[in-house]
Each structure stands twice: as C-alpha cells, then as structure tokens.
Amino acid sequence: MFPSLDQLCFSILNLAREARKHTLGVFHPTFRMLEMVRRSLLEMLPEDAHLRATGKLCVSLTRLADGGNVLVSKFDTREELIQVLICSCFFPVYCGFIPPSYHGVHYVDGALSNNMPMFEHRNTITMAPFSGESDICPREGTFNFFEASYSNVSIQVNTGNVYRVCTSFLPPSLETLAEICHNGYMDALGFLKERDLLSEKYSIVSVASWKDGTKPPCWEPGEEQAAGEERLRRKLQCDGRKPQIWLNHKVNNNLPSNIKKVLCEACRYNHHNGSQWTHSLTDFLPIRVICYTLTLLLLPIQLSLLLAKRLWDDLQTIYGNSISIRTDVEHWER
C-alpha cells in the first residue's frame, strides 16, 4: 500500500520539526533534508512501488549540464524510483551544493526548467503553494498588480507569497503549520466543489463543546485521566476550567479525523517537550539576534567537524570497496 495522507502529513511535520531545531533552519550545515526524505520514502513506499508508478507517475527533472527538462515515467526498480524523486526534490543551495545523480547524470528540481509539464492539456489539474493562476492554490482575495511567470507557473507578487517563501526557509510553529495544512485542504476542497467533482455531499463536522459531555479531537484531560473522564469533566466544569485544545477551531472543524489526529499529536508533543516555550522565547528580536550571531561564530567549527566526518565516512566506504574488490580478485585467481 502507498502511504496514506496522514502518513505524509506526519513525515512533513517531522521534517519541519527537525529544521526548527536549528537557528538557520534548512540552511544549517548539519541539517540533511534529502537524507530525511530518502529515509521517509524507504519506510513508506512498498516494494512494488516502481511497478505501480511506471506509466502513471511523470517526474520532471532539470539536467544540470545544459538546463534541459527531462520527464521520467518508467522505473525499473524501487531504488530507481526513489532516486528520481530525490533528484526532483533537489533545489540548489536550499538542499545542498552537490546535486544527486540518476543513471550517472546530475539532475536538480524540475521546477527550474518545467514546473508543470503537460499543463496545456485540459485534463491537467495544476497546483501550487503560492497564490497565482493555478487551479489549486492560495486565494488572497485582493487585486494584484504584478505577477511573475516562470516555468509555466504564474505567481502573484504580494505579501502572502513573501510570507510563504520565508516559511519555506524557516518553518513556523507546528500550530501555524497545522493552519497551513488546513488552508491547503480547503483550497482543494473548494476546487472540487466548484466543479462538482465530489461523489457525495460534503458535510463539515463541527467541534462538539466539552460542556455537552463530548470532547473535541484535541482534548487532553491530563494526569487525572485514570480516575475517569466523566469525573474529570465535572471537576473542570465546577472549577470553570477548559481542557487543552492544541489546534485552532477551524482546523478542528474542517479537517478529516486522521489528519487532525496527526496534527494534534505533533502539537502536543511540541508542548510536552518544552519546545513551545523555547520558540516563544526566541521570537523576541534581541534573543533571535544573539542566537544568529552565536550560530555564525560557531559555523566554521561545525563545518570543519562535518567535513571531517564526511571524509571519514568516504574513506571507510572506499576502504570497504577495495577489500571487496580484492576478495573478488583472489576468488577468481583461485
């Protein structure tokens, strides 16, 4: 089975959580985005993923040598499929400086040459994370005087898109990411509703109030849960306290239960591990300036240690390969 929507959501939140651990976000030298992406693909993709994807999945790549666009839709092995996806994820500087290779040729993100292949076909649904002319994208609701077009994508120049670019480099809090997830879900749902593509009428389930005896999806009773939820509910009602709700009400209202569960668990984990207090402290400008200054001062040391570690790993790999070749030669001589 291919990964479900909640598994993909969990993987993205985990990637953002790891990036938020570093002051420079995705640009920190110790943050290895592609390694995390590869690990997630290895965990989630089934063994016959390449057979299912062949002829159905078309991946756009940009050849590094001449900037030409290459479309790949045939995959001989599962590892080949993963390698193609890794190449399509590589954006220079953002993901590193040495691009991955496929069949001995270095490739980078296909967005640099053709972000939406076959977009001229009427049966192609275009999607973009930035507001513009795509079928599914954020809607600002305001008139835009400027638009930038590149690689078959039209992007509006507005404050909303500037914020989205910034959050792609420095991920916001998990609560904010949950709202971004909600907005994307509602954009896609609105597109389906406008074109009558929903198989049945979609009904939004409202969040039940805890006063009515039911708990919202992100209700956490705390340490007294073992004593019984009913007794705890009465105690909270008498004390005038409300249970903790990690997610925004509109997120609780509209998203499917499996997605809400993933988002809620991520936010709850964030609070329980004290990271929320830490990130709230670093939101102050003086603290942020101090953190960035210390990071820049320690960056040469971290780069030196990272380079030494990579050289050591490469030497071990070369030494292991030489031993393997020597063993094969001795075997053939015998």
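Refer to the structure presented above.
Rules and cut-offs
Residues numbered from 1 in each chain as written. Predicted model: local features only at pLDDT ≥ 70, side-chain atom pairs only at ≥ 80, totals over all residues. Heavy atoms only, no water. Phe/Tyr/Trp six-rings, centres within 6.5 Å; stacked < 30°, edge-to-face > 60°. Buried < 20%, exposed > 50% of the residue type's maximum accessible area, 1.4 Å probe, protein only. Axes fitted to C-alpha atoms, helices over the stretch in contact; angles between N-to-C directions. Helix = DSSP H or I, 4+ residues; strand = E, 2+ residues; numbered from the N terminus. Left-handed = near helix turned anticlockwise from the far one by under 90°. Contact = heavy atoms within 4.5 Å. Nonpolar A, V, L, I, M, F, W, Y, C, P; charged D, E, K, R; others polar. Salt bridge = Lys/Arg side-chain N within 4 Å of Asp/Glu carboxyl O. Expected span 1.5 Å × (residues − 1). Patch = residues over 30% accessible without salt bridge, like charges linked within 9 Å, V, L, I, M, F, W, Y side chains within 5 Å. Areas by Shrake-Rupley, 256 points an atom, 1.4 Å probe, with all protein chains shown as cover. Pairing = 2+ DSSP bridges.

Draft legend 1. Geometry of the packing of aromatic side chains. Scanning the entire structure with this criterion turns up two aromatic pairs. Ring centres of Tyr102 and Tyr107 lie 6.2 Å apart, and the angle between their planes is 55°; this geometry places the pair in the tilted category. For the pair Tyr102 and Tyr107, a shared accessibility class is recorded, and that class is buried.

Draft legend 2. Structural view of the packing of helix H2 (residues 33-44) against helix H4 (residues 78-89). In contact at an axis separation of 10 Å, H2 and H4 are set at 145° when each is read in the N-to-C sense. Here the hand of the crossing between H2 and H4 comes out right-handed. Residue-level inspection shows Leu34, Val37, Arg38, Leu41 and Leu42 of H2 in contact with H4, the latter providing Arg78, Glu79, Ile82, Gln83, Leu85, Ile86 and Cys89. A per-class count over the contact of H2 with H4 returns eight nonpolar, one polar and three charged.

Draft legend 3. Here's a closer look at the pattern of salt bridges. Counted under the stated rule, the structure contains eight salt bridges. Between Glu79 and Arg38 there is a salt bridge; the shortest N-O distance is 2.9 Å. Of this pair, Glu79 sits in helix H4 while Arg38 sits in helix H2; the two residues are 41 residues apart in sequence, bridging distant segments of the chain. With a relative accessible area of 24%, Arg38 lands in the partly exposed category. Among the ionic pairs, Asp66 bridges to Arg63, the shortest N-O distance being 2.9 Å.

Draft legend 4. Main features of helix H1 (residues 5-20). With 16 residues, H1 ought to run about 22 Å at 1.5 Å a step, and its terminal C-alpha atoms sit 23 Å apart, in line with that. Restricting attention to buried positions, one finds in H1 the residues Cys9, Ser11, Leu13, Ala16, Arg17, Ala19 and Arg20.

Draft legend 5. Structural detail: the environment of Thr124. With respect to the secondary-structure elements, Thr124 resides in the loop between strand E4 (105-109) and strand E5 (147-150). As for Thr124 and Asp135, which are separated by 11 residues in sequence, their C-alpha atoms are 9.3 Å apart.

Draft legend 6. Quick peek at a nonpolar patch on the surface. A surface patch of nonpolar side chains, amounting to about 620 Å² of accessible area, comprises Ile290, Leu294, Leu297, Leu298, Ile301 and Leu305. Here Leu294 is to be found in helix H11 (residues 285-333). For Leu294, a relative accessible area of 48% corresponds to the partly exposed category.

Draft legend 7. Region of the structure containing the sheet that holds strand E3 (residues 101-102). One open sheet holds the four strands; their spatial order is E2-E1-E4-E3, and the pairing between them is antiparallel. Two strands bound the open sheet, and with one partner strand each, they are strand E2 (69-72) and E3. Taken together, the three bridges between strand E1 (residues 59-63) and E4 define a ladder with antiparallel strand orientation. Considered in E4, the bridge of Arg63 is made with Tyr107. Docked against the sheet, H4 engages E1, E2, E3 and E4, running at close to 60° with respect to E1.

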